[in-house]
Amino acid sequence: MNHTLLAITSLLPSFTKSERRVADTVLQDAEAAVYSSITDLAEKANVGETSVIRFCRKLGFQGYQEFKLSVAQQLSSPAEQMVGEIEESDTLAAIVHKRTAQNTQTIHNSSALLSENALEEAIHSFRQAKTITFLGVGSSGLTALDAKYRFFRLGLQVNAETDTHTMRMIAALAEPGDVIVGISTSGSTKDLVDAFRIAKGNGASTISLTGHARSPITQFSDTVLLTASKETPLQGGSFAAKLAQIHALDLLATILALQLKESAYEALEKTAKSVLDKLY
């Protein structure tokens, strides 16, 4: 066992009953804990999220993410932490084959997780929206910018924001008829969750695109679009997770374009012609 797991074992007698449940859950399957959100782990241990936080702090960590990072660093080799189940001894051809298979499987798994009802709800919200704002932090912020580009070309009133302070301001000004889309693989990004809480409180429609069905952001989401993602804290912002996000957004944009028909085609044509002189 790594140092963190040994510390858990040594501190067992000092844990409260709730903290002991968290400890037992982690010790039974430490790898699962690394891939779980704080809500997932709390649910598995049958405790509240505050018990998980107290457990982490008793081990000397500031919070759950720091705890997960410590466990992840010591469960596998540095190479595996960075790139997943690819061996340092693999040939170039083997690496290409493995990564292609993993990414393809991620898209297949995401398609299976995306419920038809959730897609229909999201499409309905988009068609009724006065404005649509995509929010994301870090790598997910780049996905939000991609989404803005794709959807505004369909003729929609779309914006994207990656600055955490501005996110709060947008949420504070949100009102019924506005749609806020939060993109977060973990679903646990504090600034994004806070913005969602504010926006929902103001009556805006909230849609989350996340890899964890039981993550904090889902508590303030009218619609949850679930994608397949499996990444350690060191792999945050992985291309596989981004592929899953882009795939879900591509599905939404494709369906929306088909439903909007003439107006979407007209917008695509106008935007395409507007940059013709920018190409050789």
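Check the entry above for the structure.
Since the structure is predicted, the reported quantities are computational estimates derived from the model, not experimental observations.

## Details of the pairing of strand β1 (residues 131-136)
- Counting buried residues along β1, five of its six residues qualify, which places the element largely inside the surrounding structure.
- With six bridges joining them, β1 and strand β3 (residues 178-184) adopt parallel strand pairing. Directly across from Thr-133, in β3, lies its bridge partner Ile-180.
- When β1 meets strand β2 (residues 158-161), the two strands line up parallel, connected through four bridges. Across the sheet, Leu-135 pairs through a bridge with Glu-161, a residue of β2.

## Let's talk about the nonpolar core
- Counting 28 residues, the largest nonpolar core has Phe-126, Phe-134, Phe-151 and Leu-225 as its most contacted members.
- Within the residue set of this core, elements represented by two or more residues are α9 (116-128), β1, α10 (139-152), β2, β3, β4 (205-210) and α13 (239-260).
- The element that contributes the greatest number of residues to this core is α13, accounting for six residues.
- The contact partners of Phe-134, leaving out residues within four places of it in the chain, are Phe-126, Ala-144, Ala-147, Lys-148, Phe-151, Val-158, Asn-159, Ala-160, Glu-161, Val-181, Ile-183 and Leu-249.
- Counting residues in each nonpolar core, the second largest holds 24 residues, with Leu-12, Val-22, Ala-30 and Cys-56 among its members.

## Structural notes on the environment of Asn-46
- Tracing the backbone through its elements, the reader meets Asn-46 in the loop between α4 (38-45) and α5 (49-58).
- A residue is classified by how much of its surface remains accessible, and Asn-46, at 64% relative accessible area, is exposed.
- Between the C-alpha atom of Asn-46 and that of Asp-191, which follows or precedes it by 145 residues, the distance is 26 Å.

## Structural notes on the side chain of Thr-210
- Looking at where Thr-210 falls in the secondary structure, it is placed in strand β4.
- In terms of polar contacts, Thr-210 uses its side chain to reach the backbone carbonyl oxygen of Ser-184, at 2.9 Å.
- For Thr-210, the side chain forms a polar contact with the main-chain oxygen of Thr-185, separated by 3.2 Å.
- Sequence-distant contacts of Thr-210, defined by excluding residues within four places in its chain, comprise Ser-184, Thr-185, Ser-186, Gly-187, Ser-215, Ile-217, Thr-218, Val-224, Leu-225, Leu-226 and Thr-227.

## Remarks on the side chain of Ser-37
- Position of Ser-37 among the secondary structure elements: in the loop between α3 (30-34) and α4.
- On the basis of relative accessibility, which here comes to 2%, the residue Ser-37 falls in the buried class.
- Only 3.1 Å separates the side chain of Ser-37 from the side chain of Asp-40, close enough to count as a polar contact.
- Other than its neighbours up to four places away in sequence, Ser-37 contacts Tyr-64, Ser-186, Ser-188, His-212, Arg-214 and Ser-215.

The rules behind these values
Residues numbered from 1 in each chain as written. Predicted model: local features only at pLDDT ≥ 70, side-chain atom pairs only at ≥ 80, totals over all residues. Heavy atoms only, no water. Buried < 20%, exposed > 50% of the residue type's maximum accessible area, 1.4 Å probe, protein only. Helix = DSSP H or I, 4+ residues; strand = E, 2+ residues; numbered from the N terminus. Pairing = 2+ DSSP bridges. Core = buried A, V, L, I, M, F, W, Y, C linked by side-chain atoms within 4.5 Å. Contact = heavy atoms within 4.5 Å. Polar contact = N/O pair within 3.5 Å; in protein donor to acceptor, adjacent residues only side chain to side chain.

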